[in-house]
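Working through the structure, step by step
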Amino acid sequence: MNELRQLALDLRKQNQEFQVLHSQVAQQVADRFYEARQRFFEGLANKPKKKKPHQYLSLVYPQSGWKLSNWREVGQGKNKKKKARLYLSKIGFFTLIVHRVFPLEQVCRVCVKLNPSGRIHVIFSVEEPEVEEQPSKEPVKAVGVDLGITRLATLSDGRYLENPKPLERSLERIRLLQRRLSRKKFLSNNWLKAKRKLAKQYEHVKNLRRDLFFKLGVLLSQKYDVLVLEDLNVQGLIQKGVTRTRRMRLYDSSFSELRRCLEWVFLKRGKTVLAVSAYNTSRECFLCGGINQSLTLEDRIFHCPHCGFTFDRDLNASLVLLKRAGWEPPAAPVELRPLPPLPSLGLKKRSQGGALKQEAPPFMAG
Ligand SMILES: [Zn+2]
């Protein structure tokens, strides 16, 4: 790592145009390559690729080289915003809209990220002392979550979340924009314009998704202490869908994102996330543990050949997950019903979070 860092510094010294970079930022580029290489050797990632200048979209200031000043509040009522002025060494001044309150003296690094849509995010990482976990006195409640394509998430309490409509509509628009882009001359002005539009739409979809995922996480963490998820072998999933690799990847990326969001919300609140083996979850009967070998991907209903039990496929899978994590299956079968619509998805106006509190009676486990 030291050699790489020195190399980065030497290159910076030799090239006039690299000197617009703060020296620590140049060093951090070497760190990033070192980490990517390390991840490759540990078998966690593919070989690091050569990045073209227009693909390199973020700068990291590990310690110094930046300064925040001129904090102020602008706007009134709903439009109230906090603004600040950010100085980046050798680059200049920027005006920020500050979305979070954070202790300025504890910031350990600053990342400036340019999205392909043209938006710039500045991320301040803050070091916090670790909080010791409080042992809970109440009985621990657990929920199993099965992720799927037709139904985004099915909870073991019978509630489920459909793939929302605004998301589907946005995906249609992405297809349209992609077609338009492919008709433009590569790297022409019109091509760049179309590219920007497409990137904006992608960002919109990403925002819709994350918004939904975090809300689902909050909804679950209000009721449950333990979240049980499938331990998905991402590589395996991609390889299985050879003919539809692209499609699988698309779905898959949002699966891992959903998992990450749910895990984050739970861990942030000091709750537990359990990953259990995903092997045969949809083929196992949650009542008797028998395996239905003939179940195909198209079957929406699970029928157990051993005990004659018939149930919704995803709901059965989520109950199997819960069982694998060590919870007793409920005595009476739970009813399948949709989640109340999570607020603000695809809507301009934000509700006051009232709908999040509305919940159906939970299924007690354990
Ligand atoms: Zn059975």
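The rules behind the values
Residues numbered from 1 in each chain as written. Predicted model: local features only at pLDDT ≥ 70, side-chain atom pairs only at ≥ 80, totals over all residues. Heavy atoms only, no water. Donors = N, O, S within 2.8 Å, 3.2 Å for Na, K, Ca; no water. Buried < 20%, exposed > 50% of the residue type's maximum accessible area, 1.4 Å probe, protein only. Patch = residues over 30% accessible without salt bridge, like charges linked within 9 Å, V, L, I, M, F, W, Y side chains within 5 Å. Areas by Shrake-Rupley, 256 points an atom, 1.4 Å probe, with all protein chains shown as cover. Salt bridge = Lys/Arg side-chain N within 4 Å of Asp/Glu carboxyl O. Lys, Arg positive; Asp, Glu negative; His and termini not counted. Charge placed at Lys NZ, Arg CZ, Asp CG, Glu CD. Helix = DSSP H or I, 4+ residues; strand = E, 2+ residues; numbered from the N terminus. Pairing = 2+ DSSP bridges.

On the protein side, the zinc ion has Cys285 (SG), Cys288 (SG), Cys304 (SG) and Cys307 (SG) as donor atoms, found 2.2 to 2.3 Å from it. On the basis of relative accessibility, which here comes to 1%, the residue Cys304 falls in the buried class.

Another point: a positive patch on the surface. Among the surface-exposed residues, Arg173, Arg175, Arg179, Arg180, Arg183, Lys184, Lys193 and Lys197 lie close enough to one another that they form a single positively charged patch. At the level of secondary structure, the elements contributing two or more residues to the positive patch comprise helix H3 (165-183) and helix H4 (189-223). Structurally, Arg183 can be placed in helix H3.

For the rest of this paragraph, the subject is the pattern of salt bridges. Where side chains of opposite charge bring their charged atoms close, a pairing between them can arise. A complete count under the given rule lists 12 salt bridges for this structure. Of the charged contacts, one joins Arg5 and Asp31 as a salt bridge, the two residues approaching to 2.8 Å between their closest N and O atoms. Here the residue Arg5 occupies a position in helix H1 (residues 2-14), and Asp31 occupies one in helix H2 (residues 23-41), the gap between them amounting to 26 residues. With a shortest N-O distance of 4.0 Å, Arg260 and Glu257 are connected by a salt bridge. In this pair, Arg260 and Glu257 are both assigned in helix H6 (residues 245-268), 3 residues apart and thus about one turn of the helix distant. In this structure, a network of salt bridges that share partners links the residues Arg151, Arg300, Asp312 and Asp314.

It is worth spelling out the pairing of strand S9 (residues 159-162) at this point. Across 3 bridges, the pairing between strand S8 (residues 151-155) and S9 is antiparallel. Residue pairing in the sheet places Thr154 in a bridge with Tyr160 of S9. Linking S8 back to S9 in an antiparallel pair, the connection comprises 3 residues, with Gly158 at a positive phi of about 95 degrees. Alignment of S9 against strand S14 (residues 337-338), held across 2 bridges, turns out to be parallel. For Arg159, the partnering residue across the bridge sits in S14 and is Arg337.

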